[in-house]
Amino acid sequence: MNYLAVDTSGKNLTIIVCKDGITTTFHDTECGVNLSVELMPRIEELCENTGLDLSTVDFFACVVGA
């Protein structure tokens, strides 16, 4: 199963990519107000590093802040 999970609900940026059962995580505690600037480049980087093609993702998950 392949998935992409993103948490931008606070000051930290966390992205989890799982491809064929192998999980790779990116976590930035210093992202602060730059979440929107960092999000897509980091997703692209993780997908490239893991060989994950977004067209093969079974589901996407995100954390919604209150």
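The structure displayed is predicted, hence computed values, not measured ones.

Draft legend 1. Quick peek at the sheet that holds strand β4 (residues 59–63). Read from one edge of the open sheet, four strands run β3-β2-β1-β4, paired in mixed fashion. At either end of the open sheet lies a strand with only one pairing partner, and these are β3 (22–28) and β4. Put simply, the sheet's adjacent strands are angled 10° from each other on average, direction ignored. When strand β1 (residues 3–7) meets β4, the two strands line up parallel, connected through five bridges. Bridge pairing in β4 links Asp7 to Val63. Packed onto the sheet, helix α1 (residues 35–50) meets β1, β2 (13–19) and β3 and runs at close to 20° relative to β2.

What counts as what
Residues numbered from 1 in each chain as written. Predicted model: local features only at pLDDT ≥ 70, side-chain atom pairs only at ≥ 80, totals over all residues. Heavy atoms only, no water. Pairing = 2+ DSSP bridges. Helix = DSSP H or I, 4+ residues; strand = E, 2+ residues; numbered from the N terminus. Axes fitted to C-alpha atoms, helices over the stretch in contact; angles between N-to-C directions. Contact = heavy atoms within 4.5 Å.

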